[in-house]
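Remarks on the overall topology
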Protein chains: 2
Amino acid sequence: MAKKQGEVKLLGIRGSPFVCRVVIALKLKGVEYEFIEENLGNKSDLLLEYNPIYKKVPVLFNYDKPVSESLAIVKYIDDCSKGDPMLPTKPYQRGLAHFWSNFIDEKIVPAVRKAVFTLDEVEREKGIEESLEALQFLENELKSKFFGGDEIGFLDIAATIIAYWVPIFQEVTGLQIFTSDKFPKLYNWSQELINHPIVKESLPPREPLLAFFKGVIEGLSASK
Amino acid sequence: MAKKQGEVKLLGIRGSPFVCRVVIALKLKGVEYEFIEENLGNKSDLLLEYNPIYKKVPVLFNYDKPVSESLAIVKYIDDCSKGDPMLPTKPYQRGLAHFWSNFIDEKIVPAVRKAVFTLDEVEREKGIEESLEALQFLENELKSKFFGGDEIGFLDIAATIIAYWVPIFQEVTGLQIFTSDKFPKLYNWSQELINHPIVKESLPPREPLLAFFKGVIEGLSASK
């Protein structure tokens, strides 16, 4: 991976859990990078040119070569930079990491979204139920301090959204999905994760995020 | 990967494009395996126990250790068996292979499903439009005989559904989505792929698949 300042660029927005995955990975690997703030209300030519399919952040540029999609980017950073690997090196553990990271994006994130960003009672209840069921699978999967063992790894990075964003969603909506009662192991893990020095300095500040998501939820009510 | 007969088991159904990905990967790597036919109408205890989240095939067992999800399984086979790698070894190409394989499952497959398995005119038109747009991105991405270069690789395996199943869907429904006129490069690629000796012997026979999907489509009409 490029070592010189300015040769690695990350196009993103500060409050996104998907962008944050990439920030954590870059910091863990000690890669210097330039952060380019995207404006999703008025998407940049850079974004439209280099991620024409999803038109979403993050996009990482290494020597101008773009990679999109947060999990693909984190794997890419792992593949092309030195330092301890973030993905397990043993094939079976690696296979599980691929599986569980997809599970977070395909099951947990949509279920939580359904629970949080709706005014429809039935839809919300369905979202809560699906979230609880999905989190239980992850709770059962956690066998050590981190998913990566004693140190944080690929799956921990993928799951940051649960540790940091879901509690914010709960505070905004009053929902009780991810609590220490329901998921004691996962809750302890989340505290370890968000207090890990690299993760801590990578997370966007809590207050502006709270305010932002309050706005989103109030916007929903206003437009009903 | 297990070398002895019976130590690698694949739980699947013959007609599934996702199971077929795993079959191709195992054959490319010369791995002996036992195929266990699943009955999706009456799911086996094996499936419910080892893939409780998705309850879907394929599930691969290597020395009894299960891995689910076709793309995760193919990566796992690649990681733990000898022979030429299926995923690119260069990090950037590897990153792109991750990106494009997800694109197939997240964009192309849902768009084609929407076009094919509906009786709703508006929905179908939307599905066709999304399929054409998505296939165009893939057409632009194809730079050589195969996505993997001169030899088939991970992304070719992921895209088998386009080469073999989509034409069957078209024959059943009369839709024209993936044609040599619209996608000349992708069409040539599809012919190379389905005539590749390993792929050819891995594909389920065409006639029963045609009959099966005719049944599915007629079932849709009957239940309107």
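Just so it is clear, the structure is predicted and the values come from calculations on it, not from any experiment.

This part covers the overall build of chain A. Looking only at helices and strands, chain A has 10 helices and four strands in total. Relative to its length of 224 residues, chain A is compact, with a C-alpha radius of gyration of 18 Å against a globular reference of 17 Å. For chain A, the spread of C-alpha atoms along the principal axes amounts to about 50 × 45 × 30 Å. When each of the 224 residues of chain A is scored for burial, the buried share is 53%. Restricting the contact set of chain A to residue pairs at least 6 apart, pairs at least 24 apart contribute 68%.

In this section: the pattern of salt bridges. One pass over the structure, following the stated rule, counts 16 salt bridges over all chains. Here Glu 37 of chain A makes a salt bridge to Arg 14 of chain A, at a shortest N to O gap of 3.7 Å. Of this pair, Glu 37 of chain A sits in strand β2 (residues 34-37) while Arg 14 of chain A sits in the loop between β1 (8-12) and α1 (17-28); the two residues are 23 residues apart in sequence, bridging distant segments of the chain. Note that Asp 105 of chain B is salt-bridged to Arg 21 of chain B, the shortest N-O span being 2.8 Å.

What follows deals with the domain arrangement of chain A. Residue and element names in this part refer to chain A. Entries for chain A in the domain assignment read domain 1 (8-80) and domain 2 (91-222). Between the C-alpha centres of domain 1 and domain 2 the distance comes to 21 Å. Taken together, the contact between domain 1 and domain 2 spans 16 residues of the former and 23 residues of the latter. With both chains or domains summed, domain 1 and domain 2 bury close to 1600 Å², and 72% of this area falls on carbon and sulfur atoms. Among the residues domain 1 hides against domain 2, the three largest losses belong to Arg 21, Ile 24 and Leu 71. Together they make up 33% of the total. Scanning the region where domain 1 abuts domain 2 turns up two salt bridges.

Moving on to the packing of helix α1 (residues 17-28) of chain B against helix α7 (residues 160-173) of chain B. All names here are of chain B. Running from N to C, α1 and α7 cross one another at 135°; their axes reach a closest spacing of 10 Å. Accordingly, the angle class assigned to the pair α1 and α7 is oblique. As for how α1 packs across α7, the hand of that crossing is right-handed. When α1 is examined against α7, the residues Pro 17, Phe 18, Cys 20 and Ile 24 are found in contact with a partner set consisting of Thr 160, Ile 161 and Trp 165. In terms of residue class, the contact of α1 with α7 is made up of six nonpolar, one polar and no charged.

When the parts of a complex come together, some accessible area is lost, and that lost area is often taken as the interface size. Listed as interface residues are 27 residues of chain A and, on the opposing side, 27 residues of chain B. Surface buried jointly by chain A and chain B totals about 2600 Å² across both partners, of which 65% is contributed by carbon and sulfur atoms. For the pair chain A and chain B, the interface holds two salt bridges. A salt bridge links Arg 94 of chain A to Asp 79 of chain B; its shortest N-O distance comes to 2.9 Å. The interface formed by chain A and chain B contains six residue pairs in polar contact (both at pLDDT 80 or more). For the side of chain A that touches chain B, the secondary-structure elements that each account for two or more residues are β4 (65-68), α3 (70-80) and α4 (91-116) of chain A.

A few words now on the relation of the copies chain A and chain B. For these two chains of identical sequence, chain A goes onto chain B by a turn of 180° and a shift of 0.0 Å along the axis, with RMSD 0.0 Å. Such a turn and shift between the copies fits a two-fold axis.

With that settled, the discussion passes to the sheet that holds strand β2 (residues 34-37) of chain B. All names here are of chain B. With mixed pairing, the four strands of this open sheet are ordered in space as β2-β1-β3-β4. Of all the strands in the sheet, just β2 and β4 (65-68) have a single pairing partner and so form its edges. This sheet shows a mean twist of 20° between the axes of neighbouring strands, independent of strand direction. When strand β1 (residues 8-12) meets β2, the two strands line up parallel, connected through four bridges. Pairing of Leu 11 across the sheet is with Ile 36, part of β2.

Tallied over the entire structure, the rule returns zero disulfides over all chains. Between Cys 20 of chain A, a free cysteine, and Cys 80 of chain A, which holds the nearest cysteine sulfur, the sulfur-to-sulfur gap is 19 Å.

Let us now look at unusual backbone geometry. Following Val 57 of chain A, the chain continues into Pro 58 of chain A via a peptide bond in cis, with omega recorded as 0°. Mapped onto the elements, Pro 58 of chain A comes out in the loop between α2 (45-50) and β3 (59-62). In the Ramachandran plot, Asp 64 of chain B falls in the positive-phi region, its phi being about 75° despite a non-glycine side chain. Judged by its relative accessible area of 56%, Asp 64 of chain B falls in the exposed class.

All right, on to the UniProt feature "domain: GST C-terminal" (unreviewed entry) in chain A then. Under the feature "domain: GST C-terminal" (unreviewed entry), the UniProt entry names residues 90-212 of chain A. Split by type, residues 90-212 of chain A is 74% helix and 0% strand. Its first and last C-alpha atoms lie 41 Å apart.

Counting residues in hydrophobic clusters, the biggest one holds 161 residues, and the most contacted among them are Leu 26, Leu 60 and Trp 189 of chain A together with Leu 26, Leu 60 and Trp 189 of chain B. Setting aside chain neighbours within four positions, we find Leu 26 of chain A in contact with Met 1, Val 8, Leu 10, Val 31, Tyr 33, Leu 60 and Ile 77 of chain A.

Turning our eyes to something else, we now look at the packing of aromatic side chains. Two aromatic rings, taken as a pair, are described by how far apart their centres are and by the angle between their planes. This structure, assessed with the given rule, holds 28 aromatic pairs over all chains. Ring centres of Phe 178 of chain A and Phe 183 of chain A lie 6.5 Å apart, and the angle between their planes is 40°; on these two criteria the pair is classed as tilted. Among the residues examined, Phe 183 of chain A registers a relative accessible area of 2% and is labelled buried. Site record: aromatic cluster; members linked through ring pairs are Tyr 54 of chain A together with Phe 99, Trp 100, Phe 103 and Phe 137 of chain B. Across from the ring centre of Phe 35 of chain A, 3.7 Å away, lies the NZ or CZ of Arg 14 of chain A, which sits over that ring.

Cut-off values and rules
Residues numbered from 1 in each chain as written. Chains lettered and ligands numbered in written order. Predicted model: local features only at pLDDT ≥ 70, side-chain atom pairs only at ≥ 80, totals over all residues. Heavy atoms only, no water. Helix = DSSP H or I, 4+ residues; strand = E, 2+ residues; numbered from the N terminus. Rg over C-alpha atoms; globule rule 2.2 N^0.38 Å. Buried < 20%, exposed > 50% of the residue type's maximum accessible area, 1.4 Å probe, protein only. Contact = heavy atoms within 4.5 Å. Salt bridge = Lys/Arg side-chain N within 4 Å of Asp/Glu carboxyl O. Domains from an automatic or database assignment. Buried area = accessible area lost by both parts, 1.4 Å probe. Axes fitted to C-alpha atoms, helices over the stretch in contact; angles between N-to-C directions. Parallel < 35°, antiparallel > 145°, perpendicular 65-115°, else oblique. Left-handed = near helix turned anticlockwise from the far one by under 90°. Nonpolar A, V, L, I, M, F, W, Y, C, P; charged D, E, K, R; others polar. Polar contact = N/O pair within 3.5 Å; in protein donor to acceptor, adjacent residues only side chain to side chain. Least-squares fit on C-alpha atoms with pLDDT ≥ 70 in both. Pairing = 2+ DSSP bridges. Disulfide = S-S within 2.5 Å. UniProt positions renumbered as here; feature names shortened; annotations may be inferred. Core = buried A, V, L, I, M, F, W, Y, C linked by side-chain atoms within 4.5 Å. Phe/Tyr/Trp six-rings, centres within 6.5 Å; stacked < 30°, edge-to-face > 60°. Lys NZ or Arg CZ within 6 Å of the ring centre and 35° of its normal.

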